[in-house]
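Each chain, written out:
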Amino acid sequence: MNLEPAAPGLARRLALLAAATAGASAMLTQLALLRELLGAVSGNELVLGLALGLWLLLSGVGARLGATRAAPAAAGRRLAAALAFLAVVPLLQVAAVRGLRDHVFPTGAAP
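Analysis parameters
Residues numbered from 1 in each chain as written. Predicted model: local features only at pLDDT ≥ 70, side-chain atom pairs only at ≥ 80, totals over all residues. Heavy atoms only, no water. Helix = DSSP H or I, 4+ residues; strand = E, 2+ residues; numbered from the N terminus. Expected span 1.5 Å × (residues − 1). Buried < 20%, exposed > 50% of the residue type's maximum accessible area, 1.4 Å probe, protein only. Patch = residues over 30% accessible without salt bridge, like charges linked within 9 Å, V, L, I, M, F, W, Y side chains within 5 Å. Areas by Shrake-Rupley, 256 points an atom, 1.4 Å probe, with all protein chains shown as cover. Salt bridge = Lys/Arg side-chain N within 4 Å of Asp/Glu carboxyl O. Axes fitted to C-alpha atoms, helices over the stretch in contact; angles between N-to-C directions. Parallel < 35°, antiparallel > 145°, perpendicular 65-115°, else oblique. Contact = heavy atoms within 4.5 Å. Nonpolar A, V, L, I, M, F, W, Y, C, P; charged D, E, K, R; others polar. 1 Å grid on protein atoms, 1.4 Å probe; cavity = no way out; pocket = protein on both sides within 12 Å on 5 of 7 lines; lining within 4 Å. Points joined across faces, edges and corners; volume = space filled by probe spheres on them.

Undergrad: Describe helix H1 (residues 8–40), and please don't skip the residues or the numbers.
TA: Its 33 residues give H1 an end-to-end C-alpha distance of 47 Å, which sits within 8% of 48 Å, the value for a rise of 1.5 Å per residue. Along H1, the residues classified as buried are Ala 18, Leu 34 and Ala 40. Phi for Ser 42, located one or two positions after H1, is positive at around 60 degrees.

Undergrad: So what's going on with a nonpolar patch on the surface? Which residues, and what values?
TA: There is a patch of nonpolar side chains on the surface, built from Leu 54, Leu 57, Leu 58, Val 61 and Leu 65 and spanning about 490 Å² of accessible area. Inspection of the secondary structure puts Val 61 in helix H2 (residues 45–68).

Undergrad: Quick one: what's the story with the packing of H1 against helix H3 (residues 75–104), residue by residue and with numbers?
TA: Relative orientation of the contacting elements H1 and H3 amounts to 5 degrees, with a least axis distance of 10 Å. Looking at the two axes, H1 sits roughly parallel to H3. In contact with Ala 15, Ala 18, Ala 22, Thr 29, Leu 33, Glu 36, Leu 37 and Ala 40 of H1, H3 contributes Leu 79, Leu 83, Pro 90, Gln 93, Val 94, Val 97, Arg 98 and Arg 101. Along the lines of polarity and charge, the residues of the contact of H1 with H3 split into 11 nonpolar, two polar and three charged.

Undergrad: Quick one: what's the story with the layout of surface pockets, residue by residue and with numbers?
TA: One number sums up the size of the largest pocket: a volume of about 710 Å³. For the largest pocket, the lining is made up of 24 residues, of which Ala 26, Thr 29, Gln 30, Leu 33 and Gln 93 are closest to its centre. The set of elements that each furnish at least two residues to the lining of the largest pocket consists of H1, H2 and H3. The element that contributes the greatest number of residues to the lining of the largest pocket is H1, accounting for 10 residues. Tallied by class, the residues present in the lining of the largest pocket amount to 18 nonpolar, six polar and no charged.

Now the structure itself:
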């Protein structure tokens, strides 16, 4: 079964739409995760600074790695797998923030 669209222009537009949608979704997910993290640590500014610093550092590392890779032959399939992975990751992140709070901070201690 051929998953590639017939027209190359249509494939490019669909890939750009998928990238724009993934970018918007990632931005909203990061903001929601940052808000969840601030709620878990009672609004500590140090944690906010660490989270934003790591966010920027890992964005730069990802951009550098993405720039050095060659385009794969099965780009459509990898894009679909990456989008499916990105749909599940936010749920795991929120569950991790909520679940690990009690393991990181002892009971009775202020975060």
